[in-house]
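A structural walkthrough
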Amino acid sequence: MKLRATTIDRLAQGTFDVLVLGGGINGAVAAAALSARGAKVALIDRGDFAGATSQESSNLAWGGIKYMETFELTLVRKLCKSRNRLIRSYPSTVQEIRFYAAHPRGLRHGLWKLVLGAWLYWLIGSCFTRIPRLLSRRTIAREEPIIRLDGCDGGFEYSDAYLHDNDARFVWGFIRGALDHGCAAANYVESLGARREDGDAERGADLHQAISVSFDEAIRGGQRAITVTRQEHCGACRGTGRLHVNESACPQCHGSGIVKSARGHMVFSKPCAPCGGSGRQRQAPCPACNGQRVHMQTEPLTIAVPPGLADGARIRVPGKGHAGRNGGEAGDVYVTVHVPAHAIFRREGDDLHLTVPVAVHEAALGAKIEVPSLDGPLRLRVPPGTQAGQRFRLRERGVASRDGHRGDLVVEVRLVLPKLLDERSKELLREFGRINAEDVRKELT
Ligand SMILES: Cc1cc2nc3c(=O)[nH]c(=O)nc-3n(C[C@H](O)[C@H](O)[C@H](O)COP(=O)(O)OP(=O)(O)OC[C@H]3O[C@@H](n4cnc5c(N)ncnc54)[C@H](O)[C@@H]3O)c2cc1C
Ligand SMILES: [Zn+2]
Ligand SMILES: [Zn+2]
């Protein structure tokens, strides 16, 4: 039980060169041969090892005499050669056996024809076994009196080989051999399907979105709810595209395991692909994703808008793009932020610019005025003799950027000339002009 537990663990965790499905004679021999040559092999069977066809054979190592009738001589040659090799390799278990055949008159092949066939079979088998014998009725009567000779015109005797062992135990011998060479073998482990993984892990595609945030929101930062529609691994099939179903006949081939196709007047049959030729269905395409492994999903996301974002900035939300393939990671979501222009502030990097109207007398005589800022109204001292277009820099009253630095508020003066409507103001200005008779355009002359 402990061995089984560790083997199951190895199967689940490990990577193998070969996974052999089925511990019948073919699987057992393949596992033994591969692991003896140093391959990392796993062998599983959904039932007992050698619990299926390989325990119900007639124990013959057969050279294929049946195929003499259809003249498939190359096939017979191959079968005979492997039979001979079995006899040589397993001399105590696979041994020559003689077959005694009586020939009824009127059989579709004459006695001589069969005897010649048996001879040819022996020749094709490299004369490895004892030579076939033609048997007369008398010989048969003498050697095997149990045979009823009514209607017989004689018979013949030829050789093949027999497995002098329980065939399941024979199979188990190969599995033992595989285990001795480090094969991880476990019964009652079933393969429910396989998947081709085309190529390397593939990262999912990125998604792009645009949002608009107010000037204030961009300056101060905050949170924004968005929704993304993305491909996500199907939860129903855990991204495999297939689901286990109660075993039933394969709907593609109606349980025959074979699909037929016609080309011209010829009919070809080949194993049915969806069921691998078994005729049984244990898996079906996942109905939730139609076998696509992914499905579209709309998801709400809350993104953090960091303070001080400028128009056109991009925010990356990692892992929220389309799902990856073959174990690849998901893509990202990129959110481009649009920030509309502000009514009075203009942004240049982290600095804010503001144009402030200043009356002529304020500029000339100096004044303390109030200017708007991100932090509320600020007092600004306009010194006497301030000119139009003059700038004042208010340190660290601009935009706070992510590195902790804060820009300035740059205030530009716009002089506002008085609209002179009354005679008294006009008179005062004329007076002012007479007292200050300075040529304001002297640098032009
Ligand atoms: C009546 C009879 C007499 C025969 N006589 C002879 C004879 O005399 N000489 C001769 O050479 N041949 C004979 N044969 C043929 C021979 O028995 C078979 O060719 C041979 O046993 C096939 O072996 P196998 O390993 O390919 O298949 P099996 O022995 O059928 O093994 C396949 C194994 O795969 C397992 N399996 C299937 N699917 C899965 C899965 N998804 N996951 C895990 N495991 C799985 C099964 O449980 C099974 O144990 C005879 C056959 C029959 C029926
Ligand atoms: Zn099928
Ligand atoms: Zn699915």
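Residues numbered from 1 in each chain as written. Chains lettered and ligands numbered in written order. Predicted model: local features only at pLDDT ≥ 70, side-chain atom pairs only at ≥ 80, totals over all residues.

**Concerning the pairing of strand S2 (residues 41-45)**
The side chains of a regular strand alternate, first on one face of the sheet and then on the other. The element S2 is largely enclosed, with a buried count of 5 among its 5 residues. Here S2 shows two buried faces, one formed by Val-41, Leu-43 and Asp-45 and the other by Ala-42 and Ile-44. Examined bridge by bridge, strand S1 (residues 18-21) and S2 share 4 bridges and lie parallel to one another. Bridged to Leu-19 within S2 is Ala-42. (Buried ≥ 20, exposed ≤ 12 C-beta atoms within 10 Å, placed from the backbone. Helix = DSSP H or I, 4+ residues; strand = E, 2+ residues; numbered from the N terminus. Pairing = 2+ DSSP bridges.)

**Comments concerning the sheet that holds strand S15 (residues 313-317)**
Taken in spatial order, the 3 strands line up as S8-S16-S15 in an open sheet, and their pairing is mixed. Edge strands, defined here as strands with exactly one partner in the open sheet, are strand S8 (207-212) and S15. Looking at each pair of strands side by side, their axes are set apart by 25 degrees on average, direction ignored. In this structure, S8 lies alongside strand S16 (residues 333-338), joined through 6 bridges in parallel fashion. Its bridge partner lying in S16, Leu-207 is registered against Val-333. (Axes fitted to C-alpha atoms, helices over the stretch in contact; angles between N-to-C directions.)

**A short note on the environment of Arg-85**
Following the sequence through the fold, Arg-85 ends up in helix H3 (residues 73-89). Taking the C-alpha atoms as reference points, Arg-85 and Phe-432, separated by 347 residues in sequence, lie 129 Å from one another.

**Some remarks on the site of ligand 1**
In the region of ligand 1, 23 residues are neighbours, and Gly-22, Gly-24, Thr-53, Ser-54 and Leu-60 sit closest. Looking at the shell around ligand 1, the elements that each hand over two or more residues are helix H2 (25-36) and S2. Of all the elements, H2 adds the most residues to the shell around ligand 1, at 3 residues. Residues that form the shell around ligand 1 fall into these classes: 6 nonpolar, 13 polar and 4 charged. (Near = placed C-beta within 6 Å. Nonpolar A, V, L, I, M, F, W, Y, C, P; charged D, E, K, R; others polar.)

**Quick word on the domain arrangement of the protein**
By the assigned domains, the protein splits into domain 1 (2-56 + 168-187), domain 2 (65-164) and domain 3 (348-434). Computed over C-alpha atoms only, the centres of domain 2 and domain 3 are separated by 120 Å. (Domains from an automatic or database assignment.)

**Topic: the pairing of strand S20 (residues 378-382)**
Judged from the 5 bridges that link them, strand S19 (residues 367-371) and S20 form a sheet pairing that is antiparallel. Bridge pairing links Ala-367 to Val-382 in S20. Hairpin connection of S19 to S20: 6 residues between the antiparallel strands, including Gly-376 at a positive phi of 95 degrees.

**Notes on helix H4 (residues 111-124)**
Taking 1.5 Å per residue, 14 residues should reach 20 Å; H4 reaches 20 Å between its end C-alpha atoms and fits that length. Among the residues of H4, Leu-111, Leu-114, Val-115, Ala-118, Tyr-121, Trp-122 and Ile-124 are the ones counted as buried. Packing partners of the buried residues in H4 comprise H3, strand S4 (94-104), strand S5 (133-135) and strand S6 (152-163). Ser-126 sits one or two residues past H4 and shows a positive phi near 60 degrees. (Expected span 1.5 Å × (residues − 1). Contact = placed C-beta atoms within 7 Å.)

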